[in-house]
Structures are given as C-alpha cells and as structure tokens.
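In case you want the letters, here they are:
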Amino acid sequence: MSSQQRSQGNQQWGGRYSAGPSAIMEEINASIGFDRKMWRQDIRGSLAHAAMLRHVGIISAEDEASIKEGLAAIGEEIEAGQFTFSTALEDIHMNIEARLTERIGEAGKRLHTARSRNDQVALDVRLWVRDAIDGLDAQIADVMRALVERADEHAATVMPGFTHLQPAQPTTLGHHLLAYVEMLGRDRSRLGDCRARMNESPLGAAALCGTGFPVDRHMTAAALGFDGPTRNSLDSVASRDFALEFLAAAAICATHLSRFAEEIVIWTNPYFGFVRLSDAYTTGSSIMPQKRNPDAAELVRAKIGRISGHLIGLMTVMKGLPLTYGKDMQEDKEGIFDAAETLALCLAATAGMVRDMKPDVARLREAAGAGFSTATDLADWLVRELRLPFRDAHHVTGHLVAKAEAKGVDLSGLTLEEMQAEEPRIHNGVFQVLSVEASVASRTSYGGTAPVNVRRMAGEWRERLA
C-alpha cells in the first residue's frame, strides 16, 4: 500500500479525531445519537419530578407551572423536528434540561434538585422498555388472532406432521398453526412477567445513596404508573436485569417467529408446494424470471441473530460491573432499542404472511399420505381390535410397511390377504383407519389434532384474544 493510500485510509477512519483527545472523548462519551429516542419518557419523568418537588415545597407553584409549560413546548419542538440535539451536551437529559433553562430561566435550573442522571436514566429506560412491552404485546396478540382465524379455517385440512423433518403422522394445518399460538401466548406471558417485575420506580435514588431532600418517591412512582418505588438506592441505579429479562423474552419470541418463518420458506418451495405467498411478501430474481423468493420469511428467520446478540452483548457488559453505576451501562440502550424495533418489524411481517398465505389443500392432503404416515394408526388398531401387545403390533406393522414399500403402494394399497399373511386375525375393518382423514379424526385426546379439537381450541383462543 502506498503512503498516499495509507493517508487516505487514515482520513477515512481516523480523520475525525485529528483534533486530539477532546474530540475522541466527546465522540465516545456522548449518547445523544441514540438515547434521544427516550425524549418522551424523559419529559414524563421530569413532569412527575417537578410536581413532587412542588408538593413537598422544594420549588414553588410558579416554578412548576413554568417547567410544565417549557417541557410541553420542548416536546412539540422535538415532535416537529425543530429541536437541535447537541453532542456536547452528551445525552437526552442534558439536552432537554439545557433547552428548558434557555426557555424559562432559573426555574429550569431547579428541576434537577434531588435527582441525578443516574436515577433519571434508570427511570427513562424502564419507562421506554415498559412502553415497548405494551406495544409488542398488542402486536403478538394480532399475530395470534391471524393464526387462530387461519387455524379455524383449516381445522380439517390434512397435512403431514413431521419429526426430524421426515413424514411422521398426519395432522391438520389448523392444529399446526395453533401450536404457534401456544408459543406466542407464552411469549406474551413472559413479557407480562417482565413488565410486572420491572414496574418499580428508581426516581429518587439520586446518584446512588438517595437524597437528603424530603422527596416523596411514592408520589412520583404513582404518577408514572409504577406499583411503587424501588427499595434500595444502590440497586436502583446499578441494575439492568429488567433489560436483560426483556431481551431474553424478545429473543425467545423471535426464535418462535424464526421457526415459523423457516416453515414458510420450506412450504413455499415448489418441491413442497404447501402454501403460496403473494408478491406482497416475496421478491423476484434479477436474472431468473420464474423465481418467487420468500424474502420476508427469510429475513424474519434471520433477525433472531440481532436480538439474541443484543442479549449476549448486554449480559457481557453487566457481568463484571461493581456497584453502582458505570458508564459501561450506557451500552444498554442501543441493543434494547434495536431489539424492540426489530421484533416489532418481525411481528408485523409474520402477521402479514399468515393472512396472505394461500394453502394448497390438495397438495397438503397428498403429502399427508406419503411415507406410510398412517402406520401408527395401523399399530393402534391391532392393539385395540386384536388385543396385540403394542410391541407385537409395532413388529407386524413394520413388516406390512416393508411389504407395501416393496410393492410401491401405501398401506391401504395392500390386499386383505397380504395383511393376513402377517397377522391372520386382521379383517376388513382395518381399512377404516388407514386414510389420513380417519387418522386425524381419531386423535381426540385433549390437545390432539382432531378437527373437532382444533375448532374448539380456536374458539377458546378467539375469546381469550377478544
């Protein structure tokens, strides 16, 4: 590499820091580039704090009124894109406070009494995550409703059930889709548990040891919709386990979406041909005009990597931090923000694909009968009707499967005589259980794949999600 090329490289990658340590420090220390997302939460927290300061007599009613008016105006500025964010002011808290003081004067300087940026950021992050959980919960419920409607529609649509991605037993598309409803229902529960556990306010913990001012932490907690204040000031500013729990729940949900997306990728492959997606959720090829690529599903399948990466990233940040606050914890926000936004996008795409997909009922039924998928039904019939021990029935069925495979037919293609050569007591009633429709209809145990079960369970979920 020439000296000129090296110089150009240095300009590209390190030129911005040529001004020296101050430029480097400003760049690495500032978080305003990403924590500006919390401006609504920061203003909400400041309004609650100001009301409490006035209530306990730390600031006057006039100061509180000025603060409220100033913060409302700042919110409008940010909403309209007219607010100038300054890297020199480091973060969203100082940016808003500086602008408030600029607008209303001395009253703005009094707002930060009895709090620190440590408890302020802990509050803002909790409020942001809580808001994100509420939004994601609504989205998950929407995906579940979409799945329930399609499940009810296809309660009796027979399809192959797989283990090891090999044909196993016939199931129904409705039952298959309801499996994801169950998974997503647990995802909602996990996020709800996370929300309940984190719903304590750290405001008033100040830098780390609380404050000598006569603050009313229960008042601010109630004003912000918390169940109460946190009970230890050190823990209040030092802990981000609520964020870790949120990321873990988000990663599990994204895993479920990724599994479903993988099935969409498989099902839309022409060699399977189980479902079709419209142009709304597929793309073409730049050189192969016949292609219909399931890109939306592939991207949902992939994005779990980002979300689980954020979980591992924050766990790594937190694992060795002594109490209490360290600037390391500034690294929590970008991962949280991106994970929530990525999961929201995946949920929207999944809901869209569920409503968009067109199952090929005939192809699903054809595939359901492949691979001797009713072999277990035959073995069960031998146990019920002929009182064979299950292991003996399994042995007889294995021989009949081999015989059918050699003959190039499915089990129902064997003659009664061919079956009786393996077990003389087999009679014509056996043919009533060898169809895929009979197979799924027989699975009436609670949670089984029988269409009557699927319709009942779809109805129960519809009521729960109403």
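The structure this text deals with has already been given above.
Computed from a predicted structure; not experimentally measured.

Draft legend 1. Quick look at the overall build of the chain. The helix and strand tally for the chain stands at 21 helices and six strands. Relative to the 2.2 N^0.38 estimate, which gives 23 Å for 466 residues, the radius of gyration of the chain is 31 Å and therefore markedly larger than a compact globule would have. Along the longest, intermediate and shortest principal axes, the C-alpha atoms of the chain span 100 × 65 × 40 Å. By residue count, 47% of the 466 residues in the chain fall in the buried class. With an accessible surface of roughly 22500 Å², the chain has 52% of that area assigned to carbon and sulfur atoms. Of note, the chain has its 51 positive side-chain charges centred 1 Å away from the centre of its 61 negative side-chain charges.

Draft legend 2. Structural view of the environment of Ala-280. Positionally, Ala-280 belongs in the loop between strand S5 (275-276) and helix H13 (295-302). Each C-alpha atom, one on Ala-280 and one on His-218, is 50 Å from the other, the two residues being 62 residues apart in sequence.

Draft legend 3. Inspection of the nonpolar core at higher detail. Grouped together as the largest cluster of nonpolar side chains are 93 residues, with contacts concentrated most on Val-129, Leu-147, Phe-246 and Leu-343. In terms of residues, this core owes the most to one element, helix H12 (residues 241-268), which gives 16 residues. If near-sequence neighbours (up to four positions away) are discounted, Leu-147 is found in contact with Leu-177, Tyr-180, Val-181, Leu-184, Phe-260 and Val-354. Among the nonpolar cores identified, the runner-up in size contains 21 residues, and Phe-372, Leu-378, Ile-426 and Val-430 belong to it.

Draft legend 4. Region of the structure containing the packing of aromatic side chains. Throughout the structure, instances matching the rule amount to four aromatic pairs. Look at Phe-272 and Phe-274: their rings are 5.3 Å apart centre to centre, the planes differ by 80°, and that puts the pair in the edge-to-face class. For Phe-274, a relative accessible area of 1% gives the class buried. Sitting over the ring of Phe-85, Arg-36 keeps its end group 4.3 Å from the ring centre. Lying over the aromatic face of Phe-226, Arg-130 brings its terminal NZ or CZ to 4.6 Å of the ring centre.

Draft legend 5. Molecular detail of the packing of helix H17 (residues 375-386) against helix H18 (residues 390-407). Across the interface, H17 lies against H18 with an axial gap of 9 Å and an inter-helix angle of 135°. Taken together, the axis directions place H17 and H18 in an arrangement best described as oblique. Relative to H18, H17 is oriented so that their crossing is right-handed. Of H18, the residues touching H17 (which contributes Ala-375, Leu-378, Ala-379, Asp-380, Leu-382 and Val-383) are Phe-390, Ala-393, Val-396, Thr-397, Leu-400 and Val-401. The residue makeup of the contact of H17 with H18, split by class, is ten nonpolar, one polar and one charged.

Draft legend 6. Region of the structure containing the pattern of salt bridges. Overall, the coordinates contain 33 salt bridges when judged by the stated rule. The partner of Arg-190 in a salt bridge is Asp-187, with the nearest N and O atoms 3.1 Å apart. Of the two residues, Arg-190 and Asp-187 both sit in helix H9 (residues 173-198), three residues apart, roughly one turn of that helix. Exposure remark for Asp-187: the relative accessible area of 0% places this residue in the buried category. Of the charged contacts in the structure, one is a salt bridge between Glu-437 and Arg-365, with a shortest N-O distance of 2.8 Å. Residue Glu-437 is located in helix H20 (residues 436-442), and its partner Arg-365 is located in helix H16 (residues 361-368); the two are separated by 72 residues in the primary sequence. Residue Glu-437 is classed as partly exposed on the basis of its relative accessible area, which comes to 36%. Look at the salt bridges and you will find they share partners, linking Glu-77, Arg-99, Glu-102 and Arg-103 into a network.

Draft legend 7. Representation of the environment of Arg-190 in the model. Judged by its relative accessible area of 27%, Arg-190 is partly exposed. Between the C-alpha atom of Arg-190 and that of Phe-162, which follows or precedes it by 28 residues, the distance is 28 Å. Other than its neighbours up to four places away in sequence, Arg-190 contacts Met-183, Ala-249, Ile-252 and His-256.

Analysis parameters
Each residue is numbered by its place in its chain's sequence as written, counting from 1. Residues qualify for local features only when their pLDDT is at least 70, as the model is predicted, and side-chain atom pairs are given and counted only at 80 or more; totals for whole chains, interfaces and linings, by contrast, use all residues. Values shown for side chains rest on all heavy atoms present in the structure; no hydrogens or waters enter the calculation. Only DSSP runs of H or I covering at least 4 residues are called helices, and only runs of E covering at least 2 are called strands; the numbering of each starts at the N terminus. Here the globule rule reads 2.2 Å times residues to the power 0.38, and the radius of gyration is calculated from C-alpha atoms. Accessibility here uses a 1.4 Å probe with only protein chains present; expressed as a share of the type maximum, an area under 20% marks a residue as buried, one over 50% as exposed, and anything in between as partly exposed. Here the open area of atoms and residues is found with the Shrake-Rupley method and a 1.4 Å probe, where only the protein chains shown may cover a residue. Lys and Arg are tallied as positive, Asp and Glu as negative. Neither His nor the chain termini are counted. A charge is said to be at NZ when it belongs to Lys, at CZ for Arg, at CG for Asp and at CD for Glu. Among the buried residues, those of types Ala, Val, Leu, Ile, Met, Phe, Trp, Tyr and Cys that are joined through side-chain atoms within 4.5 Å form a nonpolar core. Pairs of residues are marked as contacts when any of their non-hydrogen atoms sit within 4.5 Å. Centres within 6.5 Å are what make two rings of Phe, Tyr or Trp a pair, Trp counting through its six-membered ring; a difference in plane orientation under 30 degrees is then read as stacked, over 60 as edge-to-face, and the rest as tilted. Ring-over charges, as used throughout, are those where CZ of Arg or NZ of Lys falls within 6 Å of the ring centre and within 35 degrees of the ring normal. All axes are obtained by fitting lines to C-alpha atoms, using only the stretch in contact for helices, and the reported angles, taken between N-to-C directions, cover 0 to 180 degrees. Between 65 and 115 degrees an angle is taken as roughly perpendicular, under 35 as roughly parallel, over 145 as roughly antiparallel, and anywhere else as oblique. Crossing handedness is read from the near helix: turned anticlockwise from the far helix by less than a right angle, it gives a left-handed crossing, and turned clockwise, a right-handed one. Classification used: nonpolar for Ala, Val, Leu, Ile, Met, Phe, Trp, Tyr, Cys and Pro, charged for Asp, Glu, Lys and Arg, polar for all others including Gly. The term salt bridge refers to a side-chain nitrogen of Lys or Arg lying within 4 Å of a carboxyl oxygen of Asp or Glu.

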